[in-house]
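Observations on chain architecture
The primary structure of each chain is shown beneath.
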2 protein chains.
Amino acid sequence: MTFSDFGNKLCGESGILQLMDDIGKPLPKGVKPYRLGGGNPAQIPEIQQMYRRRMEQILNTGDDFEKLIGFYDSPQGRVEFIETVAEFFKNKYGWNIDGKNVAVSNGSQSACFYLFNLLAGTFTENGRQIKKRILFPLAPDYIGYADQGIEKDMFVSIPSTWEEEGNNFKYHVNFELLENYLEKNFSKIGAMCVTRPTNPTGNVLTDTEVKRLSSLADRYNVPLIIDNAYGLPWPNIIFTDDASPYYGKNIILSMSLSKIGLPSLRTGIIIADAQIVKALGNLNAIAALASGSMGQAIATPLIRSGELVQKAQDFVRPYYENKAKKAVAAFHHYFEGTDYRLHKSEGSIFQWILMNNLSVTSKEFYSKLKEKGVIVVPGEYFFFGDDIEGGLPSLKDHAHYSKCLRINYAGPEDEVEQGIKIIADMYRKFSR
Amino acid sequence: MTFSDFGNKLCGESGILQLMDDIGKPLPKGVKPYRLGGGNPAQIPEIQQMYRRRMEQILNTGDDFEKLIGFYDSPQGRVEFIETVAEFFKNKYGWNIDGKNVAVSNGSQSACFYLFNLLAGTFTENGRQIKKRILFPLAPDYIGYADQGIEKDMFVSIPSTWEEEGNNFKYHVNFELLENYLEKNFSKIGAMCVTRPTNPTGNVLTDTEVKRLSSLADRYNVPLIIDNAYGLPWPNIIFTDDASPYYGKNIILSMSLSKIGLPSLRTGIIIADAQIVKALGNLNAIAALASGSMGQAIATPLIRSGELVQKAQDFVRPYYENKAKKAVAAFHHYFEGTDYRLHKSEGSIFQWILMNNLSVTSKEFYSKLKEKGVIVVPGEYFFFGDDIEGGLPSLKDHAHYSKCLRINYAGPEDEVEQGIKIIADMYRKFSR
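Residues numbered from 1 in each chain as written. Chains lettered and ligands numbered in written order. Predicted model: local features only at pLDDT ≥ 70, side-chain atom pairs only at ≥ 80, totals over all residues. Heavy atoms only, no water.

1. Concerning the sheet that holds strand E13 (residues 350-355) of chain A
Residue and element names in this part refer to chain A. Judged by pairing direction, the sheet is mixed, and its six strands sit side by side in the order E6-E7-E12-E13-E16-E15 without closing on themselves. Edge positions in the open sheet fall to strand E6 (161-165) and strand E15 (377-378), since each of these has one partner strand only. Across two bridges, the pairing between strand E7 (residues 168-172) and strand E12 (residues 340-343) is parallel. Residue Phe 169 lies in a different strand from E12, and its bridge partner there is His 343. Taken strand by strand, helix H12 (residues 362-371) contacts E13, E15 and strand E16 (404-408), and its axis lies near 45 degrees from that of E16. (Pairing = 2+ DSSP bridges. Helix = DSSP H or I, 4+ residues; strand = E, 2+ residues; numbered from the N terminus. Contact = heavy atoms within 4.5 Å. Axes fitted to C-alpha atoms, helices over the stretch in contact; angles between N-to-C directions.)

2. Side note on the relation of the copies chain A and chain B
A rotation about some axis, followed by a shift along it, carries one copy of the chain onto the other. When chain A is fitted to chain B, the best match, at an RMSD of 0.0 Å, comes from turning it 180 degrees and sliding it 0.0 Å along the axis. Read as a symmetry element, the transformation amounts to a two-fold axis. Take the interface residues of chain A: 100% of them recur as interface residues in chain B, which is what a same-surface contact looks like. (Least-squares fit on C-alpha atoms with pLDDT ≥ 70 in both.)

3. Quick word on the domain arrangement of chain A
Residues and elements named next belong to chain A. When the domains of chain A are assigned, the result is domain 1 (5-44 + 315-429) and domain 2 (53-310). Here the C-alpha centre of domain 2 lies 24 Å away from the C-alpha centre of domain 1. With 47 residues of domain 1 in contact, the opposing surface of domain 2 contributes 54 residues. Counting each side, the surface lost to burial between domain 1 and domain 2 is near 4600 Å², with a carbon and sulfur contribution of 62%. (Domains from an automatic or database assignment. Buried area = accessible area lost by both parts, 1.4 Å probe.)

4. Section: the sheet that holds strand E13 (residues 350-355) of chain B
All names here are of chain B. The strand order E6-E7-E12-E13-E16-E15 describes an open sheet built from six strands, whose pairing is mixed. Each edge of the open sheet carries a strand with a single partner, namely strand E6 (161-165) and strand E15 (377-378). Bridge analysis of E15 against strand E16 (residues 404-408) gives two bridges, and the strand direction is antiparallel. Following the sheet pairing, Val 377 is matched in E16 by Arg 406. Relative to E13, helix H11 (residues 307-335) is tilted by about 15 degrees, and along the sheet it contacts strand E7 (168-172), strand E12 (340-343), E13 and E16.

5. Regarding helix H6 (residues 108-119) of chain B
Residues and elements named next belong to chain B. Between the first and last C-alpha of H6 there are 16 Å, a value that for 12 residues agrees with the 16 Å anticipated at 1.5 Å per step. When you tally the buried positions in H6, you get 12 out of 12 residues, the bulk of the element. What H6 keeps buried is the set Ser 108, Gln 109, Ser 110, Ala 111, Cys 112, Phe 113, Tyr 114, Leu 115, Phe 116, Asn 117, Leu 118 and Leu 119. Once H6 ends, the next one or two residues include Gly 121, with phi positive near 105 degrees. (Expected span 1.5 Å × (residues − 1). Buried < 20%, exposed > 50% of the residue type's maximum accessible area, 1.4 Å probe, protein only.)

6. Let's talk about the packing of helix H3 (residues 45-60) of chain A against helix H3 (residues 45-60) of chain B
If you want to describe how two helices pack, look at the angle between their axes and the distance between the axes. It is the contact of H3 of chain A with H3 of chain B, at a shortest axis distance of 11 Å, that shows an interaxial angle of 155 degrees. When the axis of H3 of chain A is compared with that of H3 of chain B, the two are roughly antiparallel. For the pair H3 of chain A and H3 of chain B, the crossing hand works out as left-handed. Contacts between H3 of chain A and H3 of chain B involve Arg 52, Met 55, Glu 56 and Leu 59 of chain A on the former and, on the latter, Arg 52, Met 55, Glu 56 and Leu 59 of chain B. For the contact of H3 of chain A with H3 of chain B, a count of residues per class yields four nonpolar, no polar and four charged. (Parallel < 35°, antiparallel > 145°, perpendicular 65-115°, else oblique. Left-handed = near helix turned anticlockwise from the far one by under 90°. Nonpolar A, V, L, I, M, F, W, Y, C, P; charged D, E, K, R; others polar.)

The structure is reproduced here in structure tokens:
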């Protein structure tokens, strides 16, 4: 059986799917697993209890449960949830939004699929076709975007710069390259997109960087998508104080309930200009009819009362920050004496290790580690978006391209520490 | 702001979205509403109680609730659910399937979006591009498909024939036209698709018709998608005995938990060849990461024990059949003396009335009815899929094109009856 170009583009040749398949394959017999690869959030008791209480409340309040399961929400989302989210952000941050600025999707991955293909790809205007792309100002960025374009070559990325401090480093936007590129190509850019905090690196774009990106968005009238899945005010997996929530003209803010404990209820939230929200609701109607209601119904009063945000601050951030500190300490302890740099751990559930002396590619190193039971994600996959017109340096020429690993530090502490130890031991073995 | 061709194709020019907008607009002040337009299933107490008990069971069984909300399922679906569904159908009907033949999506609307665009559109093979289409053997068919093609002109439909019996009629597949068309064009057809029971008409393709379609699928090696959202063994909104569940080589069976009371939990189920299931899982990974788990978790033991199917038989079918009979009686009572035909009410939550003497189009008639508070869906929208190559008669030339309405008969009986009365009164007013 053959599939369409759409089918082959999205899922036929995807390196990511091959990787997912490989990660899912059983380990060699008798090998103990160290699961540092996946993206599942941690199980935090206080958060679980909050949702359990809320579910019991739904069951104990008249026919709330029956009304919840028995009716489709509107394609834009559950009216009460949308209004509550808008009200919350308006009150907390003074953002000038209402229900017309909030759309819900079956997870923010779906929302990004809609957004990328709505704002980029082929545009026919007055009979003339032009191609627009999504511009990622800070590569490496989220692996899950890499295959979301329906058309070919829909993404273009600016390779990051970085600053080093001892055995730590931090990526920064190469604004010189970005501004130069935008000045020449803005008419071919449909939107910019960043994750903040960044999956895979744990980087958090500074407020200064975000404002500068936002002013570029305004100057060129190109929306800036900020994927805030790990950010403020929830889930608050962010350990720096120089990172306020940001919204404004030309900003499309993507949020989620996944990383605050509800990944399986698939609730993505987009805050944006009313015209974009309307288009997202329409796309959702055609492609999915409506989004799931359960996550929205559970979260509505928790957002309204402030409990969700308070619990994020009191339990989620400390939980991850504590784990992150221990993982950072383990990295520096076990890698001591090797040539390594660890990206500053500022947020998200990941850390990013750079091994300058690696004698094999990080893809090959991933396979070696898997033989030892250690599951990680090799760095190459996060360097996507080569400029097919050749105006930008290839991501493959980034000095970190085949020298990094993404690890999920949020698992059981012993498993994470032992996993890091094995990575360090193997790095010594596979050093030039 | 301008949107891509993808955005405009899916949601920019869609008549359906305009209709949805219009249906959603408030009625004139003081006008009593008769809501016969929507697709929401009915609220059936015994079904609601089953789900409430099941939700309580999840909460009362160790950490089942926490495990349910806190982990992503695989992109193909929840392993336990997939295995249970496969086992159930294998045991009940002897189908030769296992877990590799079952995929889950965020509702069957999403599954169809994936399937249509996977099996039709542009195919590039050996550098040569060909266009394939989805063929609907029995138009009119489901309005929700009409805009799901990412590319233009992806659908082609065979206008139905019909047989009349007094004031009733039933659509049939025009096999002569279909076979003739397929013989010439099979290489340009990616799949065939039918809803059974049919939304909007309440038709149920006979076993003979399905077998004949299936043998065409085999002859031309073109998959046949059977959308079984209203069918057997659940939700069992099907009132004829000549309609067995059907699966086999080249069949893609689409099912759902929506019409058995869980529309808001967005659970679509595809049973198909392993290669198609694998592709659907991959598409879901890229476009949505994973599907929601709640519907799957609630339904798993209910499917395994047979309770879901038993309750469908004991409560869902009788509930709708009783309502359907009353609505049919109301139609014949209030339309008496006019030139009308009612489609045989064999299944689904809809009935389809043909008014041969209508002096305005059914779109115009819809507006007149809305002024009186009666919300229905005009028939034109279900006649989509004109053959752009001109080999088939235009759907617009179907004798029923602008003379039918779809009504949802499942609402409160008084509201349905009074709504039908108003439609009949208005038909008398707008007769030639």
